[in-house]
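Chain and residue survey
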Amino acid sequence: MAETSVESVSAQANQGVKGNFRWVVRHPIWAFVVIIFLFFSLMTDTFFSLGNFENILVQTSTLGLIALGMTIVMINGNIDLSVGAVVALAASLTVDIMGWPMFESWGNWQILPAVAAGLASGVLLGALNGLIVWKTGVDAFIVTLGAMLGVRGLVFVYTGEQSFFAMNFAYSDFGASRFLGLPTLAWIFLVFTLLIHILLSRTVHGSNTYAVGDNREAAVNAGIRVGPHMMVNFMIVGFFAALAGITLSTQMGASTPNLGRDYELWVITATVLGGTKLTGGAGNIIGTFGGVLAIGILRNGMNLMQVPAFYVLVTLGVILIAVLFLDKQLNRKGDGELRI
Amino acid sequence: MSEAQPVLRLEGIVKTFPGVRALDGVDFSVFPGEVHALMGENGAGKSTLMKVLAGMYQPNEGRIMIDRKPVVMRNPIEAKQNGIILIHQELSLAEQMTVAENVFLGELPRTRWGFVDWKVLEERVGSILAKLNCDFGPRTNVGSLSIAKKQMVEIARALTHHAKVVVFDEPTASLTDAEKVVLFDIINDLKSDGVSIVYISHRMEEIFTISDRITVLRDGSYRGTLVAADTTEDEVTQLMIGRSLDYSRNIEQGEIGDITLEVDGLSCGRLYSDVSFAVRAGEVVGFYGLVGAGRTEIAETLFGLREPTSGTIRLDGEAVSIGSPADAIANGISLVPESRKEQGLVLGMNCRDNITLPQVDDMTAGPFVSNGAEIAIYDMYRDRLDIKAPSWRSEVGNLSGGNQQKIVIGKWLAMKPRVLIVDEPTRGIDVGSKAEIHNLIRELAHSGYAVIVISSEMPEILRVSDRVIAMYQGRIMREFTADEVNEDNLVQAISGVGNGKAA
Ligand SMILES: Nc1ncnc2c1ncn2[C@@H]1O[C@H](COP(=O)(O)OP(=O)(O)OP(=O)(O)O)[C@@H](O)[C@H]1O
Ligand SMILES: [Mg+2]
């Protein structure tokens, strides 16, 4: 997992079977994705169809978008537990603002200020999380745990524990709309995946993200402004959580104050499945994408096989541990490794 | 030199940390193209002064002049832009990234589109590594390099900029002799380009080989500047610690008892093979060899960190199997590891807790750890090892490098082991405390411990050992008694020439 972009890019480009094997060693989650893909294709009649694949993409796009941001903050050596609460906040704000009387005459343009406000709420909360982590030095786990509780509370206060319904049909149709042969939500997820992959693997900000998570002191010594850097990354994950909240509410045509509950756990699971280390410094979007797909395929496939939902949880738990164990075995350092 | 103008001048620098006045009005100036050594005991303030110079700390008082203009440098990048580059004492690398990324950390070259320019990056780093005679490339992962090679990566950073002043803070602590030669060549090259060097080291012989002038700090204040050609080691030592060195206690040898530790035919993969030796109670056995000769790996095996592929270990005549450090500790074996930051210390914990960490179990009163007992133990080792820390509450991470090393040693002495293995015990330790630690090792043997000392410093090995085992590429080449051993036959034995008889 230790490679950064120089290696991963060239390694994938110009090597044959051996390269492919090494690629799988670095991203063992993809082996799992292939296995469960084959498994469900053989075990059910309905799994293997284009329509179902689109389904999976749309169903996982919410988790997937947040996981992109989570990968960045986790590589950075931080974590954001408040994403689920931000999903609810952004969704409620957006759906509510759209219905404000002042925008009544705006027609479909009323969506614009509403979505802008929703996204801004996520970015601002991310900035706040980052600022607190930067200025107080308190661990991100604690800071965002506080934010998770506080924001969820705010959502209940703001909504009066009510669900909001989107009266603008353009908005609620968007969730089911298609573009160039694919569901629009799938496009959104795929495009952002590509963008964040490029951000992490090609840009200076991406390299600094790895450096800060790997050895914060070294990054400071090298003159990277670690505080502002981390703040930017918290804003990115906040943006994605808000975006996920908005896409989710377009699918439902509504928002509920309970929206996004437990999302932080699912997102962290997907990210860790993809090989991102909780200790920071390692991880990548290829892995995270695999982790997100694994969860999506499992949920979808087991649902098709009519397995009760709690078995899905049990299976996921087992797979999480199995993949991390495999990762450890495959990426051993050999002779150099000390016993613990 | 007096007619030239100093390129750099620090005036009346004061720097305080909570509870410590680390620098107390220090003056320091450097001329173009000179190598200026900075010396002082552990905790004297050398690294702090250089961090002020490199923009990592802001001084409370005083000013910095570059080319006779006062400058304020708020961070390391601004210092670099002013031509000042600091190579850190403690390795400061991102382990999971490549060599190239580390060398240009904080200022990776960009393409027009804001992407990292890998091509330029690899070319530039490649040529710097070639200049340094490194046998690894820019794409190598830093985590897979040995400590010495990591040090070379740090040094490579100095060559990325057009520097006016390059500061080396104890660069040779973990370099082999060959790498040291390369480093000195680089320093001479820089010097002939008119670059000034500030060189921090505790090794006198290096200081006198390389430097033009020597400035001494003591307890955060300026003690004087000497011209290297006109002074002596003793004069520098006097200035540093206020007295001459005392080796008197080194000579005495205690009563040698029965064999405590016996190793027979021990092998571990490609790391070392067929190693046999014995250590008696009351005896110091020195292991000498080049970095990478397998000495550290043997120590790690004895301490349960590695599994041997064959061979037996006997303690007091009984074969034991040591599966983990816990087993080793239970059997009375302690290891003071070679790299304190990575293996020996919990940097975020305070001094007392680091020393008492391995034996907290023994200091309990009922279910609770007894505070008084812990402090008493800390106080004892602080006095014995002359540890300079503001109080037992100070975080170990904030101590000077040498004092961190003393804490590691204290931690293992506090365990009262029967077999004590020390790996490079005085790396980064000042001359005064070095003599203290050597004395301490002798004293420990005297009081019945079986002691193994691993060191790459010949004077150290010759000073402390009753017997010396010379290793080369994972094998024991020769075993010497204290009477036989001298510099010449030792150098021969560890370089593999002549293939001296096996022990
Ligand atoms: N960040 C910090 N916080 C608190 N105290 C510090 C900090 N950095 C240094 N000190 C203290 O300042 C004093 C000087 O430390 P410094 O590291 O400059 O010593 P040094 O001369 O480099 O020693 P060595 O030879 O052991 O490396 C020490 O007493 C140290 O404990
Ligand atoms: Mg120092």
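About the thresholds
- Residues numbered from 1 in each chain as written.
- Chains lettered and ligands numbered in written order.
- Predicted model: local features only at pLDDT ≥ 70, side-chain atom pairs only at ≥ 80, totals over all residues.
- Heavy atoms only, no water.
- Pairing = 2+ DSSP bridges.
- Helix = DSSP H or I, 4+ residues; strand = E, 2+ residues; numbered from the N terminus.
- Axes fitted to C-alpha atoms, helices over the stretch in contact; angles between N-to-C directions.
- Contact = heavy atoms within 4.5 Å.
- Patch = residues over 30% accessible without salt bridge, like charges linked within 9 Å, V, L, I, M, F, W, Y side chains within 5 Å.
- Areas by Shrake-Rupley, 256 points an atom, 1.4 Å probe, with all protein chains shown as cover.
- Salt bridge = Lys/Arg side-chain N within 4 Å of Asp/Glu carboxyl O.
- Lys, Arg positive; Asp, Glu negative; His and termini not counted.
- Charge placed at Lys NZ, Arg CZ, Asp CG, Glu CD.
- Phe/Tyr/Trp six-rings, centres within 6.5 Å; stacked < 30°, edge-to-face > 60°.
- Buried < 20%, exposed > 50% of the residue type's maximum accessible area, 1.4 Å probe, protein only.
- Lys NZ or Arg CZ within 6 Å of the ring centre and 35° of its normal.
- Domains from an automatic or database assignment.
- Buried area = accessible area lost by both parts, 1.4 Å probe.
- Nonpolar A, V, L, I, M, F, W, Y, C, P; charged D, E, K, R; others polar.

Attention now moves to the sheet that holds strand β16 (residues 333-336) of chain B. Backbone-to-backbone hydrogen bonds pair the strands of a sheet. The strands run either parallel or antiparallel. Residue and element names in this part refer to chain B. Strand order in the open sheet formed by six strands is β16-β19-β20-β13-β21-β22, and the pairing between neighbours is mixed. Every other strand in the sheet has two partners, leaving β16 and β22 (475-481) as the edge strands with one partner each. Strand-to-strand twist across the sheet, computed as the mean angle between neighbouring axes with direction ignored, equals 20°. Two elements, β16 and strand β19 (residues 419-423), share four bridges in a ladder whose sense is parallel. Across the sheet, residue Val336 finds its bridge partner in β19, namely Val422. Relative to strand β21 (residues 467-472), helix α17 (residues 487-494) is tilted by about 35°, and along the sheet it contacts β13 (284-289), β21 and β22.

All names here are of chain B. Where like charges cluster on the molecular surface, the negative patch consists of Glu205, Glu233, Asp234 and Glu235. Ranked by residue count, the leading element in the negative patch is helix α8 (residues 233-241), at three residues. By the element assignment, Glu205 lies in helix α7 (residues 204-210).

Turning to the packing of aromatic side chains, a few remarks are in order. Under the defined criterion, the tally for this structure stands at 18 aromatic pairs over all chains. Measuring from ring centre to ring centre gives 5.4 Å for Phe239(A) and Phe240(A), while their planes differ by 75°; the resulting arrangement is edge-to-face. Residue class for Phe239(A) comes out partly exposed when judged on its relative accessible area of 23%. On the accessibility criterion, Phe240(A) (2% relative accessible area) is buried. Where Phe17(B) meets Tyr57(B), the ring centres are 5.2 Å apart and the plane angle is 75°; that geometry is what we call edge-to-face. Of this pair, Phe17(B) sits in strand β1 (residues 8-17) while Tyr57(B) sits in the loop between α1 (46-53) and β4 (61-66), and the two are 40 residues apart along the sequence. Of the residues examined, Phe17(B) reaches a relative accessible area of 27% and is grouped as partly exposed. Across the ring face of Trp134(A), the terminal group of Lys135(A) is positioned such that the distance to the ring centre comes to 4.0 Å. Geometry around Trp266(A) places Arg299(A) over its ring, the cationic atom sitting 4.2 Å from the centre.

So, about the pairing of β1(B). Residue and element names in this part refer to chain B. Pairing analysis gives five bridges linking β1 to β4, with the strands arranged antiparallel. Bridge pairing links Leu8 to Ile66 in β4. Alignment of β1 against strand β2 (residues 20-30), held across eight bridges, turns out to be antiparallel. Bridge pairing in β2 places Leu8 opposite Val30. Remark: two residues form the turn of the hairpin made by β1 and β2, two consecutive strands paired antiparallel; Gly19 in that turn has positive phi of roughly 85°.

With that out of the way, let us pick up the environment of Val284(B). Residues and elements named next belong to chain B. Along the chain, Val284 turns up in strand β13. Distance from Val284 to Ile469, taken between C-alpha atoms, is 11 Å for residues 185 residues apart in sequence. Apart from residues lying up to four places away in sequence, Val284 is in contact with Ile441, Arg442, Ala445, Val451, Val453, Val464, Ser465, Asp466 and Arg467.

The next point concerns the sheet that holds strand β5 (residues 69-71) of chain B. All names here are of chain B. If you trace the four strands from one edge of the open sheet to the other, you get β2-β1-β4-β5, paired in antiparallel fashion. Two strands in the sheet have a free side with no partner beyond their single neighbour: β2 and β5. The mean angle between the axes of side-by-side strands here comes to 30°, regardless of whether they run parallel or antiparallel. Note: β4 against β5, three bridges, orientation antiparallel. In the strand pairing of β5, Ile64 is matched with Val71. Strand contacts of α1: β1, β2 and β4, with the helix running at about 115° to β1, the strand carrying the most contacts.

Moving on, we get to the domain arrangement of chain B. All names here are of chain B. The domain boundaries assigned to chain B delineate domain 1 (8-241), domain 2 (245-332 + 420-430 + 445-503) and domain 3 (341-416). Once you take the C-alpha centre of each, domain 1 and domain 2 turn out to be 34 Å apart. Summed over both sides, the interface between domain 1 and domain 2 buries roughly 900 Å², with carbon and sulfur atoms accounting for 54% of that surface. Remark: the boundary between domain 1 and domain 2 carries one salt bridge. One salt bridge in this structure joins Glu457 and Arg203, with 3.5 Å as the shortest N-O distance. Classifying every residue of the side of domain 1 that touches domain 2 gives two nonpolar, six polar and three charged.

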